[in-house]
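# Summary of structural features
These are the residues of each chain, in order.
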Amino acid sequence: LRIFTNHGVCYTMNIQDFSTIFNESEIHESFHRFKNEINPEFEWTVERGYFTENASYPARFVSRGEFHIQLRLNGKDGDNSCGSMYIFMHLPSEIPTVFHKFSILGYGSRSTVFIRAISQRTSNALRNYSPEVRKCFFDGEKKLKFFKSYSMAHCQLECLAEATLKKCGCTQFWMPRGKTTRVCRFSEINCVNTLSSEQHKVSSFYGCLQACNDIKYEVDVYLESNLN
């Protein structure tokens, strides 16, 4: 699927259908086109895992498994000032955001990427404590406007979008926005950049916490050879 990030156009794989990610009644209609036509079924959540044994999407993580991806760029689409690409690691229930970790790969090179998935689970016995005490949210405890399920990255993104709208009267093209919210013009870029430079302070102000049940990714990138 092709979506937008703060770095530009992003092609993402193994992601859930956008109707299961976004609150379509709230989000701007331009986001409705991000559909996963091949795998639209809702078969998995980070809290419950796969709904049935036969569920096959998102693709399951295989210990010590490997796969190969060849990224091709047409010469006419290249830009000498942009000598690298960004790879985001995110859950199938999330869109890649500025708050996700990313790795950088150079054009014309062969690299090996080692990915380690770390599952974090919190006992239901801790539901009796407030989120502020346990420092995390269980599913359903904090509602987001544009996203159906909670994650810290989605919460941070919504907070940054809301703060940008309040200060600048618009949001950036890659941010989730309401039905009548406009995209910022080039003349408003200074206002936008001021907030973007303080994005982590903004998200902390809005009280975003980790999800109590989560999967995190650790990524190491090794350059094998330069193909140029």
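Below is a short write-up of the structure. Bear in mind the structure is a predicted one, so any value in this text is a computation, not a measurement.

### Some details on the state of the cysteines
- Evaluation of the coordinates by the stated rule reveals four disulfides.
- The disulfide partner of Cys170 is Cys184, and the gap between their sulfur atoms is 2.0 Å. Taking the torsion about the S-S bond as the criterion, the Cys170 to Cys184 disulfide, at about 100°, is right-handed. Linking Cys170 in the loop between helix 3 (152–168) and helix 4 (189–196) with Cys184 in the loop between helix 3 and helix 4, this pair joins segments that are 14 residues apart in sequence.
- The exposure class assigned to Cys184 is buried, which follows from its relative accessible area of 17%.
- The disulfide pattern of the chain is 1-8, 2-7, 3-6, 4-5 when the bonded cysteines are numbered in sequence order.
- Cysteine Cys159 shares no disulfide, and the gap to the nearest cysteine sulfur, in Cys208, comes to 3.5 Å.

### Structural notes on the packing of aromatic side chains
- Evaluation of the coordinates by the stated rule reveals eight aromatic pairs.
- Looking at Arg48, its charged tip hangs above the ring of Phe51, at a distance of 4.1 Å from the centre.

### So, the nonpolar core
- Phe18, Phe22, Ile95, Phe147 and Tyr150 are the most contacted members of the largest nonpolar core, which has 27 residues in total.
- For this core, the secondary-structure elements that each account for two or more residues are helix 1 (18–21) and helix 3.
- For this core, the element with the most residues is helix 3, which contributes six residues.
- The residues touching Phe22, leaving out its near neighbours within four places in the chain, are Ile27, Phe31, Ile95, Phe146, Phe147 and Lys148.

Calculation rules
Residues numbered from 1 in each chain as written. Predicted model: local features only at pLDDT ≥ 70, side-chain atom pairs only at ≥ 80, totals over all residues. Heavy atoms only, no water. Disulfide = S-S within 2.5 Å. Helix = DSSP H or I, 4+ residues; strand = E, 2+ residues; numbered from the N terminus. Buried < 20%, exposed > 50% of the residue type's maximum accessible area, 1.4 Å probe, protein only. Phe/Tyr/Trp six-rings, centres within 6.5 Å; stacked < 30°, edge-to-face > 60°. Lys NZ or Arg CZ within 6 Å of the ring centre and 35° of its normal. Core = buried A, V, L, I, M, F, W, Y, C linked by side-chain atoms within 4.5 Å. Contact = heavy atoms within 4.5 Å.

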